[in-house]
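# Working through the structure, step by step
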Amino acid sequence: MSSNQKLSATAERVSLMLGLVLVILCNVPRFVVGGYETRLSLALAFALAVAVAGFFQWRQLSAAARKRLPLLTRRLLACFIGGVAVIGLVYLLSGGWIGWELLIAYGAGTGLLGYALWLWWMPQPD
């Protein structure tokens with residue numbers, strides 16, 4: 001890989017990795033209630049792997065990028081809350097209740113998707 005193709009750690013990448021870990025952990029109640037022990041163990045192992053990779057990315061962040069991380073984390077959590085609200089509204093309007101564990105899991109996934117799209121359209125810092 002040449003020097004101009006070298007990837008660097010960014011606060012946005014670290015916040016997305018944090019979001020992915022949170023989405024995986026939001027699926028844990030769903031796997032426990034459904035009795036999916038194999039899926040639960042695989043999900044926890046994957047969450048640990050992403051968390052370790054995110055930690056190494058965080059260690060490579062510059063001081064300016066680390067200062068942006070709390071704001072990005074607050075926006076990520078706001079997107080998670082918005083995702084849960086959107087999924088709750090969809091199921092409220094459709095007339096079917098899916099259960100709290102699915103509401104949390106689907107809402108977290110929707111929130112992470114919204115956050116990733118927001119980061120994609122956001123102008124990149126210099």
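So, here is what we can say about the structure in this document. Every chain is numbered on its own, with residues counted from 1 as its sequence reads. In view of the model being predicted, local features appear only for residues whose pLDDT reaches at least 70, and side-chain atom pairs are presented and counted only at 80 or more, with totals across whole chains, interfaces and linings using the full set of residues. Side-chain metrics in this entry use all non-hydrogen atoms of the structure; hydrogen atoms and water are not considered.

### Brief notes about the side chain of Asn-27
To be explicit about the condition: Segments assigned H or I by DSSP are reported as helices when at least four residues long, segments assigned E as strands when at least two residues long, and all are numbered from the N terminus. Working definition: with a 1.4 Å probe on protein chains only, accessible area under 20% of the residue-type maximum means buried, over 50% means exposed, and in between means partly exposed. Residues adjacent in sequence count toward polar contacts only when both atoms are side-chain atoms; beyond that, a polar contact is any pair of N or O atoms within 3.5 Å, and within protein one must be able to donate a hydrogen and the other to accept it.
By the secondary structure assignment, Asn-27 is in the loop between helix H1 (11-26) and helix H2 (28-34). Asn-27 gets classed as buried once you look at its relative accessible area, which sits at 12%. Reaching out from Asn-27, the side chain makes a polar contact with the side chain of Arg-30 at a distance of 3.0 Å.

### Focus on helix H3 (residues 37-59)
Put simply, the rule is: Multiplying one less than the number of residues by 1.5 Å gives the expected span of a helix. Any pair of residues with heavy atoms lying within 4.5 Å of one another is described as a contacting pair.
Taking 1.5 Å per residue, 23 residues should reach 33 Å; H3 reaches 33 Å between its end C-alpha atoms and fits that length. Those residues of H3 that are buried lie in contact with H1 and H2.

### Digging into the nonpolar core
The tendency in soluble globular proteins is for nonpolar side chains to be buried as a group. Spelled out, the test is: We call a set of buried residues a nonpolar core when its members are Ala, Val, Leu, Ile, Met, Phe, Trp, Tyr or Cys and they connect through side-chain atoms within 4.5 Å of each other.
Ranked by internal contacts, the top residues of the largest apolar core, which has 16 residues, are Leu-61 and Phe-80. For this core, the secondary-structure elements that each account for two or more residues are H1, helix H4 (63-94) and helix H5 (100-121). For this core, the element with the highest residue contribution is H4, accounting for 5 residues. Apart from residues no more than four positions distant in its own chain, Phe-80 is found in contact with Gly-19, Leu-22, Val-23, Gly-107, Ala-108, Gly-111 and Leu-112. Of all hydrophobic cores here, the second largest spans 6 residues; its members include Ile-24, Phe-31, Ala-43 and Ala-47.

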